[in-house]
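Below, each chain spelled out in residue letters.
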Amino acid sequence: MAYKIVFFGTSDFSTPSLEALLKDTRFEVVAVVTKPDAPIGRHQTLTPPPVKVIAQEHDVQVFQFEKIKTDESYDQLRGFLASARNDGKVDAYVVVSYGKIIPQRILDLPKHGCINVHGSLLPLHRGASCVQAAIAEGDQKTGVTVMLMDAEMDHGDILAQKEIAIGPEETGGQLHNRLSQLGAETLPDILAGYLDGKITPQPQDHSLATYCKLLSREDGKLDWTKSAAEIERLVRAYNPWPGTWTEWAGKRIKILKTFLSDLTSTKKAGELNVQNDKLVVICGDGNSLEILELQPEGKRAMTAKEFIVGRR
RNA sequence: CGCGGGGUAGAGCAGUUGGCAGCUCGCCAGGCCCAUAACCUGGAGGUCGUCGGUUCAAGUCCGACCCCCGCAA
């Protein structure tokens, strides 16, 4: 008989994992818990989370709690799990990029605990922006961790880890997709192995833990006093979310792609300098960064050359 | 109707009070040069987002619509 699973997830990072569980006959996804539909995009169109769309396509029960901490949410979920159809309890939760803190009493409901797929090699990069952090910190490799959840964030015992190398020009978006797929490939066998009692959870070395915060657009404002190498990594890491930008002539300009250059400039650090058909900025460590692609406010993305030509 | 910028040559942009549609780059041809992404000469390439209105005359003024983008989420 298939293990009964409740899946918690919201973003695109979680959809491959959900799909992997849905098509695996060892599991039955009895319900999906996701965030409420939210106004999204330029016109604030009310949009369902991608996870909800997939769940509905498979006729899986969907819960969207406005506030998951409330008694109401707890009672509703517990009631569902206790119904005859689910004969008492589910075997486990799988939580992938749900986006909210799940209260302990809800985590306590499944028989065998809660499994989380996290997009970094824990204990490194605990928190919400693990993919960006790996690139921004200059890590050579990263990966996914499948772990048991406990009371602290990304703190539980590890069931499995898979590593991948970070490409020298890889962006946050590209890495996000690769890790998302890697997580989905890893999850089913590890989950089954754990529920079959064949995998022994290993504690993390908490002394090595690092943390990353939830990012906002404001975090993408470039600080040109940092080193050129740091900024180059940040531009890659934060592409496409939250994006990196700088103020210029009273307008916001997104910086999409940069290159560690050996060109020099007479301008002060942080000032855009046009040299021939190149755009160069001196950074805090005295090294220069060439801006290859950018996007002025209200315009489409363009190359530095196009930007310069249009300004003459 | 959340706020705001914009659609003009292949690309990026300018276009004053309506009066022959321009700039830089690119492209094509030729020239210069040891050579060139440099320089010189010539050339092609536009139904000015769409539809309608005002006018002798609309890129420009008015109305509607389509599309792209920044903020916000």
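Residue numbers here run from 1 along each chain, matching the order of that chain's written sequence. Working convention: letters from A go to chains and numbers from 1 go to ligands, in the order in which they are written. Owing to the predicted nature of the model, reporting of local features is limited to residues with pLDDT of at least 70; listing and counting of side-chain atom pairs is limited to 80 or more, with chain, interface and lining totals taken over all residues. Only hydrogens and water are set aside when side-chain values are computed; all heavy atoms of the structure are taken into account.

1. With respect to the domain arrangement of chain A
Put simply, an interface is often sized by how much accessible area is lost when its parts join up. Start and end positions for the domains come from either an automated domain assignment or a database one. Assigned domains within chain A: domain 1 (3-212) and domain 2 (217-311). The C-alpha centroid of domain 2 is placed 35 Å from the C-alpha centroid of domain 1. Listed by partner, the interface residues are 12 residues for domain 1 and 9 residues for domain 2. Buried area: the sum, over both parts, of the accessible surface (1.4 Å probe) that disappears when the two are put together. For domain 1, the biggest contributors to the area lost against domain 2 are Gln132, Ile135 and Ala136; these three give 50% of the whole. We define a salt bridge as a side-chain nitrogen of Lys or Arg found within 4 Å of a carboxyl oxygen belonging to Asp or Glu. Linking domain 1 to domain 2 there are 0 salt bridges. Here a polar contact is recorded for every N or O atom pair within 3.5 Å, except that within protein the pair must consist of a potential hydrogen donor and a potential acceptor, and residues adjacent in sequence are included only if both atoms are side-chain atoms. At the boundary of domain 1 with domain 2, the tally comes to 7 residue pairs in polar contact (both at pLDDT 80 or more). Helix numbers and strand numbers start at the N terminus; a helix is a DSSP run of H or I with at least 4 residues, a strand a run of E with at least 2. The element contributing the most residues to the side of domain 1 that touches domain 2 is helix H5 (residues 130-136), with 3 residues. Contacts between residues were defined by any pair of non-hydrogen atoms, one from each residue, lying within 4.5 Å.

2. Considerations on the protein's contact with RNA strand B
Throughout, near means a residue has at least one heavy atom within 4 Å of the molecule or strand. Taken together, 20 residues lie near RNA strand B, and Arg42, Gln44, Gly298, Glu306 and Val309 sit nearest. Among the atoms of RNA strand B lying within 4 Å of the protein, the sugar-phosphate backbone contributes 54%. Note that a phosphate oxygen of RNA strand B is positioned 3.1 Å from one of the side-chain N or O atoms of Lys254. The side chain of Gln295 places a nitrogen or oxygen atom 2.9 Å from a sugar or linking oxygen of RNA strand B. Those elements that place two or more of their residues in the surface near RNA strand B are strand S3 (38-40), strand S13 (251-261) and helix H8 (304-311). For the surface near RNA strand B, the leading source of residues is H8, giving 4 residues. Considering only residue class, the surface near RNA strand B consists of 5 nonpolar, 5 polar and 10 charged. The nonpolar class holds Ala, Val, Leu, Ile, Met, Phe, Trp, Tyr, Cys and Pro. Asp, Glu, Lys and Arg form the charged class, and all remaining residues, Gly among them, are polar.

3. Focus on the environment of Leu292
Mapping Leu292 onto the fold places it in strand S16 (residues 288-296). Looking at Leu292, the relative accessible area reads 27%, which means it is partly exposed. Through-space distance from the C-alpha of Leu292 to that of His58 is 44 Å; in sequence the pair is 234 residues apart. Those residues in contact with Leu292, other than ones at most four positions away along the chain, are Lys257, Thr258, Phe259, Met302, Thr303 and Ala304. Accessibility here uses a 1.4 Å probe with only protein chains present; expressed as a share of the type maximum, an area under 20% marks a residue as buried, one over 50% as exposed, and anything in between as partly exposed.

4. Some points on the pattern of salt bridges
By the definition in use, this model includes 10 salt bridges. In this structure, the salt-bridge partner of Lys141 is Glu163, at a minimum N-O distance of 3.2 Å. Remark: Glu163 occurs in strand S10 (residues 158-165) and Lys141 occurs in strand S9 (residues 141-148); sequence separation between them is 22 residues. Asp219 is the salt-bridge partner of Lys213, the closest N and O atoms lying 2.9 Å from each other. Asp219 sits in the partly exposed class, given a relative accessible area of 22%. Several salt bridges share partner residues, and in doing so they unite Asp24, Arg26 and Asp189 into one network.

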